[in-house]
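# Chains, contacts and geometry: an overview
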Amino acid sequence: MDIVQELLAGSRLALARAITAVENEYDEAVTLMQAIYPHTGKAHVVGITGPPGAGKSTLVDKMTKEYRRKGKTVGIVAIDPTSPFYGGAILGDRIRMNELALDQGVFIRSMGTRGSLGGLAKKTVEVVKIMDAFGKDVIFVETVGVGQSEVDVIKVVDTTVVVLVPGLGDDIQAIKAGILEIGDIFVINKADRDGTERLETELEMMLDLNSSKVAWRPPVKRTVANSGDGVEALIGAIADHISYLYNSGEFVRHRSARTKNELLLLLNEQISRHVLESVMAPGKLDLLVDSIEGHRQTPYNIVNNILADILR
Amino acid sequence: MQRRIRVLVAKPGLDGHDRGAKVVARALRDAGFEVIYTGLRQTPEQIAEAALEEDVNVVAMSLLSGAHNTLFPKVVNLLRAKEMSDVLILGGGVIPDADIPGLKQAGVAEIFTPGTSTASIVEFIKANIK
Amino acid sequence: MMAKEALKDMLDEYNMKAEKSLAKNPERQNLAQPRVYTPLDLEGFDYVRDLGFPGSYPYVRGVQPTMYRGRFWTMRQYAGFATAEESNNRYRYLLDQGQTGLSCAFDLPTQIGYDSDDPIADGEVGKVGVAIDSLADMEILFDSIDLGKVSTSMTINAPAAVLLAMYIAVAEKQGVSADKLKGTIQNDILKEYAARGTYIFPPKPSMRLITNIFEYCSKNVPYWNTISISGYHIREAGSTAVQEIAFTIADGIAYVEAAIKAGLNVDAFAGRLSFFWNAHNNVLEEAAKFRASRRVWAKVMKERFGAVNPKSWMLRVHTQTAGSMLTAQQPENNIVRVALQTAAAVLGGTQSLHTNSKDEALALPNEDAVRTALRTQQIVAYESGLADVVDPLAGSYYIEALTNKIEQECWDYIKKIDDIGGAVVAIEKGYIQREIQESAYKWQMEVERKNRVIVGVNQFQIEEKPLEGLLQVDASVGELQKKKLAELRAKRDNNALQIKLVALEKAAKDEKINLLPFILDAVKVYGTLGEICGVLRRVFGEYEAHVSL
């Protein structure tokens with residue numbers, strides 16, 4: 001089975017297997033990415049971020065159903081944290097998307113961060129591209145949700161949706177710590193709760209203060225994900241954002257920035273791997289550490305030597 | 001290489017007892033696996049679709065309601081139909097010894113009965129995945 | 001009592017002596033409790049204030065003055081499997097063998113409001129209880145059983161209103177009016193969300209159905225226990241003894257608040273609230289747990305809710321021995337476990353008791369096994385002397401100290417849950433579920449590291465032979481029920497039913513209407529459980545479980 005051919009022909013199994021190959025960095029991963037790359041660039045990628053308990057998964061579930069009603073196909077990448085101690089993870093976002101399991105137009109994939117910080121899994125970019133090549137119209141990337149440090153998502157998506165809930169206690173904190181800068185759309189979920197008005201007012205105020213650089217003033221939407229209230233309007237806001245991106249030329253600029261970032265990341269990753277392979281020969285690293293501790297060498301001249309070898 | 005063993009922990013049918021499934025899921029995580037937990041009330045179709053999308057190495061079903069003879073083979077057959085015959089299929093819960101040969105015949109690799117340690121499940125998975 | 005200081009000195013002396021002996025007789029590692037209890041552990045203890053007498057506030061010593069001297073706890077074995085006919089046989093057998101109350105187990109499709117021919121019921125019909133699709137099945141279930149003479153407990157939650165209506169309808173056909181009926185419906189939806197999993201509708205409409213039942217019964221079925229607020233399942237899901245009663249009492253608080261909010265006077269319904277505890281292996285801790293729970297609930301009802309009728313202050317409880325402690329290994333051992341758990345429940349002062357059978361780690365009990373389980377209760381009642389003195393453990397330094405400790409920890413949890421916003425919010429946020437899971441995981445790790453010995457499982461194992469003669473329920477039950485349903489639908493007056501279902505749907509949409517009369521109407525024209533719940537599912541929607549691990 002040529003996995004790429006099957007994937008492009010619409011095989012969900014091939015899509016799943018391709019994602020695994022890339023996530024696990026199998027040998028064929030690079031040729032696979034090479035082959036699918038020309039088929040990417042059609043999907044609208046939407047990032048969903050926000051603190052734990054905000055209801056991101058439930059919101060994604062409802063938004064997906066709305067997109068499906070409009071005839072769009074949807075891919076979902078749901079990311080959960082990998083345990084730093086044992087390397088395992090509980091990937092529990094699917095539990096809130098049970099009804100979507102049988103919809104053939106929806107593909108849900110859960111990923112562990114596997115050591116990455118910043119709210120995304122290491123191979124999120126690649127996985128999104130594969131789903132793009134498969135033909136998904138909309139791709140949701142649901143981040144881990146540790147809240148404050150999740151700025152990586154903007155490097156992967158076209159539209160970033162920040163989901164907040166009233167009354168979590170540290171609303172102001174969430175707003176301060178970088179979230180304001182990355183959000184294209186803000187959502188107050190569980191908007192039937194006390195504190196919604198206040199949160200909305202505070203958000204609007206801060207967004208007004210911040211709206212210097214770009215022509216897009218992020219809207220603040222209210223939703224009640226459990227009942228589906230406000231979801232249609234949210235989809236509308238996302239559509240507005242993508243129109244804005246195209247019309248203003250931001251889309252092209254944004255994509256270029258992302259492509260540049262991808263290229264540099266990939267270069268960085270491959271170079272590191274290549275270089276480290278030479279150092280990681282069994283026992284070699286220990287010998288080097290020995291020589292440093294015995295004051296025969298310093299880390300600096302060791303690195304210089306390694307580079308000199310490689311660049312010869 | 002970044003390979004992880006991926007396990008789908010599933011609750012087929014109407015049974016609402018999830019203490020075992022949750023304890024096993026946690027133990028598997030602590031053993032370094034990626035565990036996708038489906039939650040309750042999964043139909044065999046939902047389990048098979050999730051297994052496909054998540055490209056899991058293992059499907060581990062927990063069932064205490066006595067419906068295992070009906071539901072476990074259904075999941076096995078659906079996975080086979082989806083060309084996922086490589087997946088290791090496990091079952092656990094309230095399953096009398098007499099039913100085990102039939103389930104294994106149907107394609108379940110192993111049944112973990114009451115009193116099983118989570119450590120033995122981890123060992124079995126490590127020893128038997130393809 | 002001798003002077004406190006002098007006693008402290010003697011205690012220190014005793015402990016020094018004990019420490020010296022540790023070299024030769026080291027104490028086991030995993031002992032949570034102190035070595036010995038003395039009057040020092042009961043400082044400030046006031047008999048009248050803290051204990052009182054049996055049958056008086058705060059009811060620590062029991063809810064009735066003479067307890068088992070007048071009447072043993074009701075011996076009420078949970079039973080039901082396959083068809084109504086077979087279950088009816090089991091009920092009559094158990095009554096013949098001396099059990100004193102009925103307890104109905106329903107299969108999962110019934111518990112979740114599905115008919116036996118629903119695709120989702122495939123493989124499940126009759127497996128964990130009896131399949132009840134309509135009033136016709138209910139009539140068979142109670143054939144030759146006089147509902148005017150027996151009390152019946154039904155373990156049914158989300159569709160409790162429907163099964164209660166069916167029971168009332170069967171009784172009516174027997175010539176027994178509703179105001180004479182005695183029994184219980186479990187009807188405790190909060191623990192379904194938190195631990196047991198047989199929910200149907202979301203919390204708000206579920207609470208409406210529950211308060212509808214409180215109101216209907218207070219007027220029409222006054223001897224009926226309208227709810228069995230359950231800790232058994234919470235414990236089975238892995239919680240500690242304290243969590244078991246704390247989370248349950250928090251649920252109880254939520255139900256009382258909901259009923260008051262719906263306009264009911266607390267004393268009009270509170271006397272008919274009942275509880276359901278687990279009888280676990282640690283005999284003395286369990287007895288203390290029971291006693292503590294009565295003091296907490298009495299205070300909650302009197303002080304928090306201002307109830308004035310003493311009946312409202314009483315925590316009346318049904319108990320079941322811990323199913324999760326049964327082992328598949330060396331099943332005979334389970335008889336011993338159940339006997340000890342029975343002692344715990346009796347020392348704890350339960351009003352009724354179900355004892356598990358030795359084969360239940362693997363199947364529903366066969367007739368021999370269930371007879372032994374019943375005999376266990378009878379032996380404790382008649383031969384052990386445990387039922388001869390009311391609350392015999394009272395005054396023990398250990399028991400009273402432990403009762404106090406459990407009570408205090410229970411209040412701590414209740415406060416925590418109050419701070420979160422009450423039990424409903426705590427469940428929505430996953431707080432209760434997480435606490436239970438933590439305890440469950442901790443327990444499992446203790447067992448795997450052998451810090452907790454389970455005889456026959458992680459110590460004292462043997463080469464096992466598979467247990468023979470297990471009860472089996474096969475797929476033919478499903479087929480039979482499907483046939484019965486087809487016949488029923490052909491025979492009944494479908495026009496009359498349609499009218500009733502339409503009326504039910506309309507009433508369901510109005511929060512202020514009590515749905516019991518409408519459900520009763522639909523039941524009497526042989527509307528099926530699935531059809532009636534189908535209407536309610538349409539109006540109320542279905543609960544979506546959000547909480548993961």
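Nothing here was measured: the structure is a model prediction, and the numbers come from that model.

### A look at the interface of chain C and chain A
Accessible area lost upon the coming together of the parts is a frequently used measure of interface size. The partner chain A presents 9 residues to the 8 residues of chain C that form the contact. Together chain C and chain A conceal approximately 700 Å² of surface at their shared face, both sides included; 39% is due to carbon and sulfur atoms. Across the salt bridge formed by Arg 193 of chain A and Glu 428 of chain C, the nearest N and O atoms sit 3.0 Å from each other. Inspection of the chain C/chain A interface yields 1 residue pair in polar contact (both at pLDDT 80 or more). Its residues placed into classes, the side of chain C that touches chain A shows 3 nonpolar, 2 polar and 3 charged.

### Focus: a nonpolar patch on the surface
Taken together, Leu 276, Met 280, Leu 285 and Val 289 of chain A make up a surface patch of nonpolar side chains, about 330 Å² in accessible area. Positionally, Leu 276 of chain A belongs in helix α9 (residues 250-279).

### Observations concerning the environment of Tyr 47 of chain C
Residue and element names in this part refer to chain C. Structurally, the position occupied by Tyr 47 is in helix α2 (residues 47-51). Among the residues examined, Tyr 47 registers a relative accessible area of 29% and is labelled partly exposed. Here Tyr 47 is in contact with Gly 52, Phe 53 and Arg 61, once residues within four sequence places are set aside.

### Considering the packing of helix α8 (residues 203-220) of chain C against helix α10 (residues 241-261) of chain C
All names here are of chain C. The N-to-C vectors of α8 and α10 enclose an angle of 75°; their axes lie 10 Å apart at closest approach. Classified by the interaxial angle, the pair formed by α8 and α10 is roughly perpendicular. For the pair α8 and α10, contact is made by Met 207, Ile 210, Thr 211 and Phe 214 and by Ala 254, Tyr 255, Ala 258 and Ala 259, respectively. Taken together, the residues that form the contact of α8 with α10 break down as 7 nonpolar, 1 polar and no charged.

### Quick look at the environment of Ala 43 of chain A
Residue and element names in this part refer to chain A. The residue Ala 43 is located in the loop between α3 (29-36) and β1 (44-49) in this model. C-alpha of Ala 43 to C-alpha of Lys 129: the two residues are 86 residues apart in sequence and 8.7 Å apart in space. For Ala 43, the residues in contact, after removing those within four places along its chain, are Asp 132, Lys 136, Asp 137, Ile 139, Asp 158 and Arg 255.

### Let's talk about the nonpolar core
A general tendency of soluble globular proteins is for nonpolar side chains to be buried together. Counting residues in each nonpolar core, the largest one holds 156 residues, and the members touching the most others are Leu 28 and Ile 125 of chain B together with Met 138, Leu 181, Ile 249 and Met 301 of chain C. Excluding residues within four positions of it along the chain, Leu 181 of chain C makes contact with Leu 147, Tyr 167, Ile 168, Ala 171, Val 176, Val 221, Tyr 223 and Trp 224 of chain C. Ala 29 and Leu 32 of chain A together with Ile 47 and Val 87 of chain B belong to the second largest nonpolar core, which has 75 residues in total.

### Re the interface of chain B and chain A
Listed per partner, the contact involves 29 residues of chain B and 30 residues of chain A. Summed over both partners, the interface of chain B with chain A buries about 2,700 Å², with 49% contributed by carbon and sulfur atoms. Our count for the chain B to chain A interface comes out at 7 salt bridges. Between Arg 114 of chain A and Glu 34 of chain B there is a salt bridge, with its nearest N and O atoms 2.7 Å apart. Joining chain B to chain A, the criterion identifies 18 residue pairs in polar contact (both at pLDDT 80 or more).

### So, the sheet that holds strand β3 (residues 89-91) of chain A
Taken in spatial order, the 6 strands make up an open sheet running β3(A)-β2(B)-β1(B)-β3(B)-β4(B)-β5(B), and their pairing is parallel. The sheet is open, and its two edges are formed by β3 of chain A together with β5 (110-112) of chain B, each paired on a single side. Each strand of the sheet is rotated relative to its neighbour by a mean of 25°, with strand direction disregarded. The sheet contacts of helix α3 (residues 68-81) of chain B involve β3 (58-63), β4 (88-93) and β5 of chain B, and relative to β3 of chain B the element is tilted by about 165°.

### Quick word on the state of the cysteines
Where two cysteines share a covalent bond between their sulfur atoms, that bond is called a disulfide. Residues and elements named next belong to chain C. Using the criterion set out here, one finds 0 disulfides over all chains in the structure. Cys 104 forms no disulfide, and the closest cysteine sulfur to it belongs to Cys 217, at a distance of 16 Å. Between Cys 533, a free cysteine, and Cys 104, which holds the nearest cysteine sulfur, the sulfur-to-sulfur gap is 17 Å. Looking at Cys 533, the relative accessible area reads 1%, which means it is buried.

### Considering the pattern of salt bridges
Tallied over the entire structure, the rule returns 78 salt bridges over all chains. Its salt-bridge partner being Glu 99 of chain A, residue Lys 65 of chain A comes within 2.7 Å of it at the nearest N-O pair. With Lys 65 of chain A in helix α4 (residues 56-69) and Glu 99 of chain A in the loop between β3 and β4 (106-112), this residue pair connects regions lying 34 residues apart in the sequence. Across the salt bridge formed by Asp 122 of chain C and Lys 74 of chain B, the nearest N and O atoms sit 2.4 Å from each other. Of the two residues, Asp 122 of chain C is situated in the loop between α4 (108-111) and α5 (135-141) and Lys 74 of chain B in helix α3; the pairing between them involves two chains. A network of salt bridges, in which partner residues are shared, links Arg 12, Glu 23, Arg 94, Arg 109 and Arg 114 of chain A together with Arg 6, Glu 34, Glu 49, Glu 53, Glu 54 and Lys 82 of chain B.

### Section: the domain arrangement of chain A
All names here are of chain A. When its domains are assigned, chain A resolves into domain 1 (1-39), domain 2 (41-248) and domain 3 (261-311). Between domain 1 and domain 2, the C-alpha centre-to-centre distance is 26 Å. Taken together, the contacts link 19 residues of domain 1 with 20 residues of domain 2. When residues of domain 1 are sorted by the area they lose upon contact with domain 2, Arg 12, Ile 19 and Glu 23 head the list and together hold 39% of the total. Summed over the shared surface of domain 1 and domain 2, the result is 4 salt bridges. The residue Arg 114 makes a salt bridge to Glu 23 at a minimum N-O spacing of 3.4 Å. Connecting domain 1 to domain 2 are 8 residue pairs in polar contact (both at pLDDT 80 or more). Among the secondary structure elements, those contributing two or more residues to the side of domain 1 that touches domain 2 are α1 (3-8), α2 (12-23) and α3. Here the side of domain 1 that touches domain 2 gets 8 residues from one element, more than from any other, and that element is α2. For the side of domain 1 that touches domain 2, the class distribution of residues is 11 nonpolar, 5 polar and 3 charged.

### With respect to the packing of helix α1 (residues 19-30) of chain B against helix α18 (residues 431-448) of chain C
To characterise two packed helices, one gives the angle between the axes of the helices and the distance between these axes. Two elements in contact, α1 of chain B and α18 of chain C, have axes whose closest approach is 10 Å; the angle formed by their N-to-C orientations is 70°. Comparing the axis directions of α1 of chain B and α18 of chain C gives the class roughly perpendicular. As for the relative orientation of α1 of chain B and α18 of chain C, their crossing is right-handed in sense. Within the contact between the two elements, α1 of chain B uses Arg 19, Lys 22, Val 23, Arg 26, Ala 27 and Asp 30 of chain B and α18 of chain C uses Gln 437, Glu 438, Ala 440, Tyr 441, Trp 443 and Gln 444 of chain C. Residues of the contact of α1 of chain B with α18 of chain C, tallied by class, amount to 5 nonpolar, 2 polar and 5 charged.

Reading guide: rules and limits
Each chain has its residues counted from 1, following the order in which its sequence is written. Here chains are named by letter from A upward and ligands by number from 1 upward, in the order in which they appear as written. Confidence filtering applies because this is a predicted model: local features only for residues at pLDDT of at least 70, side-chain atom pairs given and counted only at 80 or more, and all residues used for totals across whole chains, interfaces and linings. Side-chain numbers here rest on the full set of heavy atoms in the structure, without hydrogens or water. By the convention used here, residues are in contact when the closest approach between their heavy atoms is within 4.5 Å. Values labelled buried area give the accessible surface lost by two parts on being combined, using a 1.4 Å probe and summing over both. The rule for a salt bridge is simple: a side-chain nitrogen of Lys or Arg has to be within 4 Å of a carboxyl oxygen of Asp or Glu. Pairing of N or O atoms within 3.5 Å defines a polar contact, subject to two protein rules: one partner must be a possible hydrogen donor and the other a possible acceptor, and residues neighboring in sequence count only if both atoms are side-chain atoms. Three classes are used, and their members are as follows: Ala, Val, Leu, Ile, Met, Phe, Trp, Tyr, Cys and Pro are nonpolar, Asp, Glu, Lys and Arg are charged, and the others, Gly among them, are polar. Exposure above 30% relative accessible area and the lack of any salt bridge qualify a residue for a patch; like charges then connect within 9 Å, and the nonpolar side chains Val, Leu, Ile, Met, Phe, Trp and Tyr within 5 Å. Surface accessibility in these figures is a Shrake-Rupley result with a 1.4 Å probe; residues are shielded only by whichever protein chains are displayed. Per the convention used, a helix needs a DSSP run of H or I reaching at least four residues, while a strand needs a run of E reaching at least two, with both numbered from the N terminus. For every residue, the accessible area (1.4 Å probe, protein chains only) is compared with the maximum for its type, and the residue is labelled buried under 20%, exposed over 50%, or partly exposed between those bounds. A fitted line through C-alpha atoms represents every axis, and for helices the fit uses only the stretch in contact; the resulting angles, taken between N-to-C directions, go from 0 to 180 degrees. What sets the label is the angle itself: under 35 degrees gives roughly parallel, over 145 gives roughly antiparallel, 65 to 115 gives roughly perpendicular, and the rest give oblique. Nonpolar cores are built from buried Ala, Val, Leu, Ile, Met, Phe, Trp, Tyr and Cys residues. Side-chain atoms within 4.5 Å join them into one set. At least two bridges found by DSSP between two strands is the condition for calling them paired. The definition used for a disulfide is geometric: two cysteine sulfur atoms within 2.5 Å. By convention here, the domain bounds are inherited from an automatic or database domain assignment. Handedness of a helix crossing follows the sense of rotation of the near helix relative to the far helix, less than a right angle counterclockwise being left-handed and clockwise being right-handed.

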